[in-house]
Amino acid sequence: MNPVRRFASRLAALPLAVALAALAFAQAPPLVELELGLGGNVVVGAWNPLRVVARDVPLGSRVEVTFDQGTLRSGEVPFRLQLPVSGGPGLSVVERTVYVAPFASVTWALVGDGAVVASGSIPGRGQDSRPLDVVLSRRSGSYAAAFGESARVVDVSAAQLPLAPEAYDGVRSVVVDGTAAAPRLEAVAAAAAGGAVVVVHGEMPASHAELRLLAAGPVMPLGAGAVLAVSGSPGDVARAVESFAASRPARSELIAAAAARPLVTPPAPLRQQVVVAAAVAFSVLAVTATRLFGAPGLASALLLAVLVSGAAWLYARPTEPEVVGSRTLALVGGELAHATLLEERYTLPATTVRVAGPARPLDARSYVVDEGGLRVDLPGWRSVVLVAAPRVVDAQLGFEDGSIVNRGATPLTDVLVVGLGPQGDLAPGARARPTSGEDGPPHEAYASLLPLLPAGTVVALSGCEVGCTVWLAPSLVAAGDWEEM
Amino acid sequence: MSLLAAAASRLGRQDMLQGLTALLAALCLVLAMSWPGGGSVVNESWSVVAPLRATLLAFGALAWGASVGARPRRDEMGPSYLPLPESPPHGEPAWRREVGATLAALLAMGVITMPFDVLSHAASYPRTGLGWSLAAPFLATGGYFGLGLGMGRLTRVAGLGALLPLAVPAVVAGAAWLDVSLGTGLASPWFAALVPSPLFAAAMAALTALALWTARPVREVAA
């Protein structure tokens, strides 16, 4: 080809190249993406994973998400989440687990260099409190049909499964059938420990071999959930999930029942009659001394006032400005437990309560969560119950060879088997076979929980000197275990 | 006569003694009404007792300051005027001593009513510190006494002395209105007692300085 013509043809192709480049640029992903919930499926009334992916945003940016938890009656009740985004060239990713209460709206903005870089919102109309049934399968449709219309079956990839147990608070089940990419073992363990029922359906291919570590038996309790090995049809999977979920107490109901009784006792004031009598007596004495004795009388009245002030300060002042009480609810499954800390803060002066780590107030109220933790403003003489995000701990309570076992280093006290009665205390490392005991008033730390627990559940306490941990092992003792006693 | 004796003498007179009795009775009543009884544990008595005490002390200081400030001069009353020892004419050394004794008596009333503030503060555990809770009533007493002296003199000069009984409560109410409308804690002892206010402290300190300057001792001129 003639070089001139070649150059001319290349020149003619230049606008086309520019147009293609512009098109590619126009189709570039948005600057900031925010995903709330597993695969974008939010479960209200539960902890949900939040993921923010930002590209080429200014250094030191912040993402601010505002959940308006108000109603028409209460007005705006905002929960503000403020998190730093590292920013700079390339991708910046922020991951967090947040509690999502029923909301009117969710708005978010990424602020950098004093300006809003990106923003968006999630309307409150589509919110759903039903837990998710997560399916890792190429045949998700058959599971969706098996679970029925009332279930929320979502199809996600293995890479989307979070590794934090609290992120599975709103997940009922995770079904793995080996037809899709294998999930990470940590994610599966986190799901089970976090309260989900992990179903390993059918024979697993070699790529899923490590799942056998968790699915060694038909039912392997793990934390608040379990790993089930199920064969048969997707309908059998759905039935197994529903059956297991029905046998477990609802965690939200347990938390509400545990917080139903106050966790703190506010300081008792001096008796009103004593205070009024002392005030009247002092007043009469001061007036009489001033009237009758002139300058010495006035000096005495002044001195008496100073002394009475000192005495009032000593006797009427509570020792601490804040009273804190706590209780931990630990659902035992296997060697792990799903622990939820409830902490009540009762403040005398108006203050801002600060808690490090993920937590939420039990009731709907305004609060802020940032990198330092939770902040909630309280007026004087008021309390707030804070619920920490659930975490997985070693179970102190166990059941081995027909005996209840204390695996911890501290005593288990007030051990009780629902349906059998009190069992006494268990020293560290001790074990005891369940026996029928005389019914007595249950310990106040777990009395409100007992109506919610199925027969055979073992309940025990530890660490009540500081704040009781209530160990709950649902249906740990089978009916046969005590009939043979 | 020492300042303590002068204050005791002034406080022993019927007007101030009745004022002190009424102040203590009011505080006893409010304490009884605001202190938690029965099964209640929420104690917010300080939020009523402290502002009431500061306001009543300021009200009394304004009233007695205006009364002393509105005293006529000897030359206004004619040559036949014979003043009583309890009401010396304005500007004379005896009047200055009267100003000092009245201010000292008012401050003594502040000390005598202090246990009510301390007791309710201790039990209520408010965010405001005890130091400010105790200082604010004294600042209000001194400041409003100085304001009263000036107000009394002005009404006397303007020939509006008859309006003083109305002007005193009007000034206290006006101070509250001013603070509410401006959103500041500048003038009203009620709001200043609840939240520390440097503006209030500065204003009251200036007015107290005026009162102290007025009460300064001067050499008596030989008749």
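Everything discussed here concerns the structure shown above.
Because the structure is predicted, anything quoted here is derived from the model rather than measured.

1. Concerning the interface of chain A and chain B
Across the contact, 43 residues belong to chain A and 38 residues belong to chain B. Of the roughly 3300 Å² buried at the junction of chain A and chain B (both faces included), carbon and sulfur atoms supply 75%. On the surface where chain A and chain B come into contact, there are 6 residue pairs in polar contact (both at pLDDT 80 or more). Counting residues per element, the ones that place at least two in the side of chain A that touches chain B are α6 (272–316) and β16 (351–355) of chain A. Top contributing element to the side of chain A that touches chain B by residue count: α6(A), with 24 residues. For the side of chain A that touches chain B, the residue count by class is 29 nonpolar, 9 polar and 5 charged.

2. Re the layout of surface pockets
The computed volume of the largest pocket comes to approximately 750 Å³. Along the wall of the largest pocket there are 36 residues; nearest its centre are A:Pro131, A:Asp169, A:Ala250, A:Arg251 and A:Ser252. Taken together, the elements giving at least two residues each to the lining of the largest pocket come down to β2 (46–57), β10 (171–176), α4 (234–247), α5 (251–258), β15 (336–347) and β20 (382–388) of chain A. Its residues placed into classes, the lining of the largest pocket shows 22 nonpolar, 7 polar and 7 charged. By volume, the second largest pocket amounts to about 450 Å³. Contributing elements (two or more residues each) for the lining of the second largest pocket: α1 (3–12) and α4 (93–112) of chain B.

3. Points about the packing of aromatic side chains
Taken as a whole and judged by the stated rule, the model has 4 aromatic pairs over all chains. Taking the centre distance of 4.9 Å and the plane angle of 15 degrees together, the rings of A:Phe67 and A:Phe79 count as stacked. Taken together, the positions of A:Phe67 in strand β3 (residues 61–68) and A:Phe79 in strand β4 (residues 78–85) put the pair 12 residues apart, joining distant regions of the chain. With relative accessibility at 1%, the residue A:Phe67 sits in the buried group. Here A:Phe79 falls in the buried class, since its relative accessible area comes to 2%. Chaining the aromatic ring pairs together yields one cluster made of A:Phe67, A:Phe79 and A:Tyr367. Above the face of the B:Tyr125 ring, A:Arg317 is positioned so that its terminal group lies 3.7 Å from the ring centre. The ring of B:Trp213 is capped by B:Arg216, whose NZ or CZ atom sits 4.2 Å from the centre of that ring.

4. Some remarks on empty space enclosed by the protein
Residues and elements named next belong to chain A. For the structure shown, the criterion picks out 4 cavities of 30 Å³ or more. Size it by volume and the largest cavity reaches roughly 80 Å³. Lining of the largest cavity is provided by Trp-47, Phe-79, Leu-81, Arg-96, Thr-97, Val-98, Tyr-99, Pro-358, Ala-359, Arg-360, Tyr-367 and Val-369. Considering every element that reaches the lining of the largest cavity, the biggest residue donor is strand β5 (residues 88–100), with 4 residues. Across the lining of the largest cavity, the residue classes break down as 9 nonpolar, 1 polar and 2 charged. What the second largest cavity holds in volume is close to 50 Å³. Residue lining of the second largest cavity: Arg-251, Leu-254, Ile-255, Leu-329, Ala-330, Leu-331, His-338 and Thr-340, and that is the complete set. Counting residues per element, the ones that place at least two in the lining of the second largest cavity are α5, β14 (322–333) and β15.

The rules behind each value
Residues numbered from 1 in each chain as written. Chains lettered and ligands numbered in written order. Predicted model: local features only at pLDDT ≥ 70, side-chain atom pairs only at ≥ 80, totals over all residues. Heavy atoms only, no water. Contact = heavy atoms within 4.5 Å. Buried area = accessible area lost by both parts, 1.4 Å probe. Polar contact = N/O pair within 3.5 Å; in protein donor to acceptor, adjacent residues only side chain to side chain. Helix = DSSP H or I, 4+ residues; strand = E, 2+ residues; numbered from the N terminus. Nonpolar A, V, L, I, M, F, W, Y, C, P; charged D, E, K, R; others polar. 1 Å grid on protein atoms, 1.4 Å probe; cavity = no way out; pocket = protein on both sides within 12 Å on 5 of 7 lines; lining within 4 Å. Points joined across faces, edges and corners; volume = space filled by probe spheres on them. Phe/Tyr/Trp six-rings, centres within 6.5 Å; stacked < 30°, edge-to-face > 60°. Buried < 20%, exposed > 50% of the residue type's maximum accessible area, 1.4 Å probe, protein only. Lys NZ or Arg CZ within 6 Å of the ring centre and 35° of its normal.

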